[in-house]
Amino acid sequence: MSGESGRPSWETYFMDITFLVAKRTTCLRRAVGAIIVKDKRVLATGYNGAPTGIEHCSEVGCLREQLNVASGKNHELCRGIHAEQNAIIQAALHGVSIKGATLFCTNLPCSICAKMIINAGISKIYHQSGYADAMSGEMLEAAGIEVIQL
């Protein structure tokens, strides 16, 4: 998706940044990145991994692998926090309103992230890959949040 000048579209530009953010992950199973954008400006970023100050899964191993937990199931059985959650928390931590903003993420958010996205006032989501959590899409649709797969 690039314009006549060869420059990437805004959507491609922000999605490219999202994949760069995902490279910071410490998750052993999936590299996920998220950025929150408003008025063509990045407000916050997040990637999946253990909370600040907690040992990373890359250091102590993956609890989900040890327990043989399937993707999209039992989200609470994980040391890590999701990229979308981290981006929302970073905005809150720094006092940045994300009401009406757009979320770019490498994967469709899970149902837990969907609930946070809805209550945070995010109005649109761009993602590249799906995620094995049917409730997420149902909730986002019911909340009127536009979801676009790039």
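**Concerning the packing of aromatic side chains**
Taken as a whole and judged by the stated rule, the model has five aromatic pairs. On the numbers, 4.8 Å between centres and 15° between planes, the contact of Phe104 with Tyr126 is stacked. Here Tyr126 lies in strand β4 (residues 124-129) and Phe104 lies in strand β3 (residues 102-107), a separation of 22 residues in the sequence. Taking relative accessible area as the criterion, Tyr126 reaches 8% and is therefore assigned buried.

**A short note on the nonpolar core**
Within the largest apolar cluster, 22 residues are counted, with the highest numbers of intra-cluster contacts made by Ile36, Ile98, Leu103, Ile117, Ile122, Ile125 and Leu140. Those elements that place two or more of their residues in this core are β1 (33-38), α4 (83-93), β3 and α5 (111-120). Sorting elements by how many residues they give to this core places α4 first, with four residues. When near neighbours in sequence (up to four residues on either side) are disregarded, Ile122 contacts Ile36, Ile88, Ile98, Ala101, Thr102, Leu103, Ile117 and Ile145. Of all hydrophobic cores here, the second largest spans seven residues; its members include Val21, Ile35, Phe104 and Tyr126.

**Structural notes on the environment of Ala44**
Relative to the assigned elements, Ala44 resides in strand β2 (residues 41-47). The class of Ala44 is buried, set by a relative accessible area of 6%. In this structure the C-alpha to C-alpha distance between Ala44 and Ile89, which are 45 residues apart in sequence, comes to 8.8 Å. Every residue in contact with Ala44, bar those within four places of it in the chain, is listed here: Ala34, Ile35, Ile36, Ala87, Gln90 and Ala91.

**Section: the environment of Ser58**
Structurally, Ser58 is set in helix α2 (residues 57-60). By relative accessible area, which is 46% here, Ser58 ends up partly exposed. Sequence separation between Ser58 and Cys110 is 52 residues, and the spatial gap between their C-alpha atoms is 22 Å. Ser58 has contacts with Thr26 and Leu28, leaving out every residue within four places of it along the chain.

**A closer look at the pairing of β3**
Regular strands place their side chains on alternate faces of the sheet. Burial runs high along β3: six of the six residues are buried. In this sheet, β3 lies alongside β1 in antiparallel orientation, the contact comprising four bridges. Residue pairing in the sheet places Ile36 in a bridge with Leu103 of β3. Looking at chain direction, β3 and β4 are connected through five bridges and run parallel. Pairing of Cys105 across the sheet is with His127, part of β4.

**Section: unusual backbone geometry**
A positive phi is found at Lys40, a non-glycine position, where the angle reads about 60°. Relative accessible area serves as the criterion here: at 45%, Lys40 is assigned to the partly exposed category. Its identity as a non-glycine residue notwithstanding, Asn68 has a phi of 55°, on the positive side. Assignment of secondary structure puts Asn68 in the loop between α3 (63-67) and α4.

Reading the values: the criteria
- Residues numbered from 1 in each chain as written.
- Predicted model: local features only at pLDDT ≥ 70, side-chain atom pairs only at ≥ 80, totals over all residues.
- Heavy atoms only, no water.
- Phe/Tyr/Trp six-rings, centres within 6.5 Å; stacked < 30°, edge-to-face > 60°.
- Helix = DSSP H or I, 4+ residues; strand = E, 2+ residues; numbered from the N terminus.
- Buried < 20%, exposed > 50% of the residue type's maximum accessible area, 1.4 Å probe, protein only.
- Core = buried A, V, L, I, M, F, W, Y, C linked by side-chain atoms within 4.5 Å.
- Contact = heavy atoms within 4.5 Å.
- Pairing = 2+ DSSP bridges.

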